[in-house]
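Below are the chains, spelled out letter by letter.
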Number of protein chains: 2
Amino acid sequence: MNDVLDFINVSRDRYVDELKQYLAIPSISALPQHAGDVRRAAEWTAEALRSAGMQQVRLIDTPGHPVVYGEWLGAPGKPTILYYGHYDVQPVDPLDLWTTPPFEATVRDGELYARGAADDKGQVFMHIKAIEAYIKKTGGLPVNIKCFIEGEEEVGSVHLDDFIRSHKKDLAADVVVISDSPMFDRGIPSICYGLRGLVYFQLDLRGTRSDLHSGAFGGAVANPALVLAQVLAQMKDRGGRVRIPGFYDDVRPLGDAERAEWKKLPFNETKYRKELGAPRLFGEKGYSTLERVWARPTFEVNGLLSGFTGEGAKTVLPAVSMAKVSMRLVPDQDPNRIEELFEAYVRKVCPATVQLKLTRMHGGKPWMTEFDNKYVRAAGRAVQQGFGQAPVFSREGGSIPVVSTFREELGLPSVLFGIGLPDENAHAPNEKLDLGNFHNGIIASAYLYQEIANLD
Amino acid sequence: MNDVLDFINVSRDRYVDELKQYLAIPSISALPQHAGDVRRAAEWTAEALRSAGMQQVRLIDTPGHPVVYGEWLGAPGKPTILYYGHYDVQPVDPLDLWTTPPFEATVRDGELYARGAADDKGQVFMHIKAIEAYIKKTGGLPVNIKCFIEGEEEVGSVHLDDFIRSHKKDLAADVVVISDSPMFDRGIPSICYGLRGLVYFQLDLRGTRSDLHSGAFGGAVANPALVLAQVLAQMKDRGGRVRIPGFYDDVRPLGDAERAEWKKLPFNETKYRKELGAPRLFGEKGYSTLERVWARPTFEVNGLLSGFTGEGAKTVLPAVSMAKVSMRLVPDQDPNRIEELFEAYVRKVCPATVQLKLTRMHGGKPWMTEFDNKYVRAAGRAVQQGFGQAPVFSREGGSIPVVSTFREELGLPSVLFGIGLPDENAHAPNEKLDLGNFHNGIIASAYLYQEIANLD
């Protein structure tokens, strides 16, 4: 192991240089014009796996963006890790809020700024480099590893469930390892044991055939921008509670023991609020901020568009309005049922003065595991070795829908060991990766393979 | 007069060709990048006045876009008409809804399609051509005319009140003539005796310093897009009535006589609804559509923008949201007082979880005159001669704020004789001008000068 660690330590600068090349590929899976870039990123990932010493490396086509697969199965009798990550990234708008261009990775104050730096290319690359160090210095790995890196995570992994179902044998393993979530806080590594689920919709309202002069017609027909506001306003009450009937029916109540554990975590609401730059925190009554984000569902508006949005004033009565909305779900809410409840409620509250179109975008199930399972404990020890301190056990407000699929289709537990930070700006301008965490993460990943190897 | 009419009739095609050149200049006053085009349109207007035979033609600078001025004062003892129009146009987005490019005027089925065709370049040009025909064929005009054509009407005539106050002597006249409104309906020419006023605001809400991941933070802070929806939803009740306290205090009730007159007008709500392509008409309870548009105030959302609005799904919790809103006012509402009431109400209903910024964009007073004044009757006779039928007397839902200024600062009555159509798509894609109305309008304009000359 010392040789492996030495190799990782001397390669520190090279890793950053290579990661910069990876981050230069604008693999935005949501935007059709970037389809070629997404494929380029897949090929880059495959090449990195090959040069790390993985075998059978290949792109596997899906109806959408390809999956990158590679394996090293030279440790018979040892457990097999299915490593899952994604090489696609979020869109970058608003572009003018980026200090440096999103696809020209730049180091400032020990952090690497680029779209995908934390979510998830940086964390994918961390595992590739841990594998590379192990194979280069010891001729192999202590466990069997299958790498399974997809390109549609940021568009809801739309083809992944089918892929997993039709590749059950290829993906057979003992445990899934995922690094696609932030640490609890800077200097406080964590293992995540719960995730929220997601449903996402687009609402399109049409009032009239074309835009109208707001003077000549204002007051005679419904204004679809105002109707949209009225519909959305009915989604949450003043206490931050979602008003969709039945929405909370299947929410697993937060237990006293878990609440007590979370109260012990070093979380400062004032510091959190100031870092976000929010006038005040706001959420569902009766819950702390951590509880709201980790264990309670929410309704959010992700986008609004109608009428004239340029500089100045245009007296238009818009013909159409659009909103993108999403709900984060917690155990045991079911995305399909929530989609139905939402659709029924929107159709009920939306007046007949406009035409309503509802489009389901994507969704994923919430997930939770018990944190006394042996793989989670092995990951805890690996993190302690990589970061020099024991991790906290936390849940996450985000969604990694595939985690539920791994459990349901392959019967596999997942270990969520993420090295991002809460202020990493994933999905926002100036996404960044702490290079110290990146380095410690490579070491922790190497230890993780060893710890899992030692379980048997 | 017969020579004048002959000249107008033989020049019909030439008028359309010249108007196409005028419409090719993208004089969008709301967009700073078009400032040069706005000035080019001013110069084009001045040149057209000069070649029509007007004198003292010049551009007069203002703190914004220039005023075009020209005069013909060779009829001593006769009344002086102050002709007012504007050479600036509305923005053109959404561009993809235009059948032909907005600044390449195109004739289809007897209508000329272009931005500004009806509002207001086509109607400005109608008067210029009537003046030209008169001067060319008779050596002069039967009345004195001062042409006063501005370039900021579409941005609320922000510098016009000051300009009028500081040029009272230059603008002294007996009556103002304006052609910047539609006819009552196709084949039904009209004289307008009432206009709504306007106030226009931009609302900017900020929730956090930057966009956030809606999974990691959703439920912990207010969503500014949702808060915006909640604020806007409180502006109108389900009966279409504006909820701003005090909003209706100064509204002049609609008299029984006026309501009875309007009931006689050939207005078909079903046809109107179908032409607009609206699922149903909707407005303030207790009023007909004409009453809602002509005699009742309204609140409209003109634009909405927040978060991710591209194709696909992005799980962002937006940092900011924006709305453009406006209110159309009727006699005797005062724009300043309504602005104050609106601001106070928004500040009251907007929660402290977001930062609120309110920007007053522009405004204008509502206006109404008595339609038995002698100039209005003269215009009625002119329209009858140009169009072969007597006009109806109507009000208009739109705003021409300068009309109030002319009354207050110069003591002048206004005659609103417009030859657009209700479906002309002013302020919308595919703006158009009926070329038959344009031609009849030139004839009616020539008769108008004669009718006003004959008043003394």
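Residues numbered from 1 in each chain as written. Chains lettered and ligands numbered in written order. Predicted model: local features only at pLDDT ≥ 70, side-chain atom pairs only at ≥ 80, totals over all residues.

## Considering the interface of chain A and chain B
Each partner contributes to the interface: chain A provides 87 residues, whereas chain B provides 85 residues. Residue assignment for the side of chain A that touches chain B shows that the elements contributing at least two residues are β10 (212–213), α6 (214–217), α7 (224–233), α10 (289–295), β11 (298–307), β12 (316–317), β13 (320–329) and β14 (355–364) of chain A. Top contributing element to the side of chain A that touches chain B by residue count: β11 of chain A, with 9 residues. For the side of chain A that touches chain B, a count of residues per class yields 39 nonpolar, 34 polar and 14 charged. Looking at chain direction, β11 of chain A and strand β11 (residues 298–307) of chain B are connected through 5 bridges and run antiparallel. When the bridges of β11 of chain B are listed, glycine 303 of chain A appears paired with glycine 307 of chain B. (Contact = placed C-beta atoms within 7 Å. Helix = DSSP H or I, 4+ residues; strand = E, 2+ residues; numbered from the N terminus. Nonpolar A, V, L, I, M, F, W, Y, C, P; charged D, E, K, R; others polar. Pairing = 2+ DSSP bridges.)

## Side note on helix α13 (residues 402–410) of chain A
By the burial criterion, the buried members of α13 of chain A are Val402, Val403, Ser404, Thr405 and Phe406 of chain A. At the C-terminal side of α13 of chain A, glycine 411 of chain A shows a positive phi close to 70 degrees. (Buried ≥ 20, exposed ≤ 12 C-beta atoms within 10 Å, placed from the backbone.)

## What about the sheet that holds strand β5 (residues 111–113) of chain A?
Residues and elements named next belong to chain A. Taken in spatial order, the 3 strands line up as β4-β5-β18 in an open sheet, and their pairing is antiparallel. Edge positions in the sheet fall to β4 (106–108) and β18 (432–434), since each has one partner strand and no second. Averaged over all neighbouring strand pairs, the angle between strand axes comes to 25 degrees, with direction disregarded. Across 3 bridges, β5 lies against β18 in antiparallel orientation. Opposite glutamate 111, over in β18, you have aspartate 434 as the bridge partner. Lying over the sheet, helix α14 (residues 435–453) contacts β4, β5 and β18, oriented at roughly 60 degrees with respect to β18. (Axes fitted to C-alpha atoms, helices over the stretch in contact; angles between N-to-C directions.)

## Brief notes about the relation of the copies chain A and chain B
With an RMSD of 0.0 Å, the operation that places chain A on chain B is a rotation of 180 degrees combined with a shift of 0.0 Å along the axis. The superposition operator between the copies reduces to a two-fold rotation axis. When C-alpha distances to the rotation axis are compared across chain A, the minimum falls at alanine 229 of chain A, with a value of 2.0 Å. Of the residues that chain A buries at the interface, 98% are likewise interface residues in chain B, meaning the two copies contact each other through the same surface. (Least-squares fit on C-alpha atoms with pLDDT ≥ 70 in both.)

## Digging into the sheet that holds strand β18 (residues 432–434) of chain B
Residues and elements named next belong to chain B. Here we have 3 strands laid out as an open sheet, ordered β4-β5-β18, and antiparallel in their pairing. Because the sheet does not close on itself, it has two edges, and the strands there are β4 (106–108) and β18. Direction aside, neighbouring strands of the sheet carry axes that sit 25 degrees apart on average.

## Some details on the domain arrangement of chain A
Residues and elements named next belong to chain A. The domain boundaries assigned to chain A delineate domain 1 (2–195 + 367–453) and domain 2 (197–251 + 297–364). Here the C-alpha centre of domain 2 lies 35 Å away from the C-alpha centre of domain 1. Between domain 1 and domain 2, the residue contacts involve 8 residues of the former and 9 residues of the latter. A class-by-class count of the residues in the side of domain 1 that touches domain 2 yields 4 nonpolar, 4 polar and no charged. (Domains from an automatic or database assignment.)

## A few points about the environment of glycine 441 of chain B
Residues and elements named next belong to chain B. Structurally, glycine 441 is set in helix α14 (residues 435–453). For glycine 441, a count of 30 C-beta atoms within 10 Å corresponds to the buried category. Sequence separation of glycine 441 and tryptophan 294 is 147 residues, and the distance between their C-alpha atoms is 24 Å.

## A look at the pairing of strand β8 (residues 190–195) of chain A
Residues and elements named next belong to chain A. Counting buried positions along β8 gives 6 out of 6 residues, so the element sits mostly inside the fold. For β8 and strand β16 (residues 392–396), the ladder comprises 5 bridges, and the chain directions are parallel. In the sheet register, isoleucine 191 faces β16, and the bridge partner there is phenylalanine 393. Bridging between β8 and strand β17 (residues 414–417) involves 2 bridges; their strand directions are antiparallel. Paired with cysteine 192 across the strands is leucine 416, a residue of β17. Direction of pairing for β8 relative to strand β15 (residues 367–368): antiparallel, over a ladder of 2 bridges. By the bridge assignment for β15, leucine 195 is matched with tryptophan 367.

## Topic: unusual backbone geometry
In this structure, the amide linkage connecting aspartate 119 of chain A to the following residue, aspartate 120 of chain A, adopts the cis form with an omega of 5 degrees. Among the secondary structure elements, aspartate 120 of chain A is positioned in the loop between β5 and α4 (121–138). In the segment running from proline 331 of chain B into aspartate 332 of chain B, the intervening peptide bond is cis, with an omega of 5 degrees. Inspection of the secondary structure puts aspartate 332 of chain B in the loop between β13 (320–329) and α11 (335–349). The backbone phi angle of glutamine 56 of chain A is positive, close to 55 degrees, even though this residue is not glycine. Note on glutamine 56 of chain A: 13 C-beta atoms within 10 Å, which makes it partly exposed.

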